[in-house]
Amino acid sequence: MFIATAIVSCVLAVALLGSGIAKLTGNTGQADLMAEVGFPAERMWMLGACTVAGGIGLLAGLFWWPVGVAAAVGSAAYFVGALAFHLRSGRMNQSMTGAAALTVLSIAALVLRIASS
């Protein structure tokens, strides 16, 4: 069970770290997406910080399970919020599919982390 937890957590952590770094560095693709869904571009750094923290938390959670649970809960909540922004904007496109997939992956990481603790 721990191997599955580690794989899912690492895959999600890589996605979160990549997304977070893109947001923190002001990647134009990320800025365009924020504008598309109606999120203020000047606050994009906050989302970047949250996703980087989530990625680090998932990796740290492999060594101390409560951190992994907290990071997975935070990641799931983050992506549920992302889905809400997509739905509110009426922009149901490829980026919404990505947010939905990462929501499912976050929930899987949470279930596996709890099951293997």
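Heads up: the structure comes first, above all this text.
Here the structure is a predicted model, which means the values were calculated and not measured.

So, how was this worked out
Residues numbered from 1 in each chain as written. Predicted model: local features only at pLDDT ≥ 70, side-chain atom pairs only at ≥ 80, totals over all residues. Heavy atoms only, no water. Phe/Tyr/Trp six-rings, centres within 6.5 Å; stacked < 30°, edge-to-face > 60°. Helix = DSSP H or I, 4+ residues; strand = E, 2+ residues; numbered from the N terminus. Buried < 20%, exposed > 50% of the residue type's maximum accessible area, 1.4 Å probe, protein only. Patch = residues over 30% accessible without salt bridge, like charges linked within 9 Å, V, L, I, M, F, W, Y side chains within 5 Å. Areas by Shrake-Rupley, 256 points an atom, 1.4 Å probe, with all protein chains shown as cover. Salt bridge = Lys/Arg side-chain N within 4 Å of Asp/Glu carboxyl O.

A.B. asks: Explain the packing of aromatic side chains here, please?
C.D. replies: The geometry of an aromatic ring pair is captured by two quantities: the separation of the ring centres and the angle between the planes. Considering all chains together, one arrives at two aromatic pairs under this definition. Centroid distance Phe 39 to Phe 85: 5.5 Å. Interplanar angle 70°. Geometry classified as edge-to-face. Remark: Phe 85 occurs in helix 4 (residues 65-89) and Phe 39 occurs in the loop between helix 2 (28-37) and helix 3 (44-60); sequence separation between them is 46 residues. Here Tyr 78 and Phe 79 contribute two aromatic rings whose centre-to-centre distance is 4.9 Å and whose plane-to-plane angle is 85°, an arrangement assigned as edge-to-face. Here Tyr 78 falls in the buried class, since its relative accessible area comes to 18%.

A.B. asks: I would appreciate a short explanation of a nonpolar patch on the surface in the present structure.
C.D. replies: Where nonpolar side chains cluster on the molecular surface, the patch consists of Ile 3, Ile 7 and Val 11 and spans about 300 Å² of accessible area. Residue placement: Ile 3 occurs in helix 1 (residues 2-24). Judged by its relative accessible area of 61%, Ile 3 falls in the exposed class.

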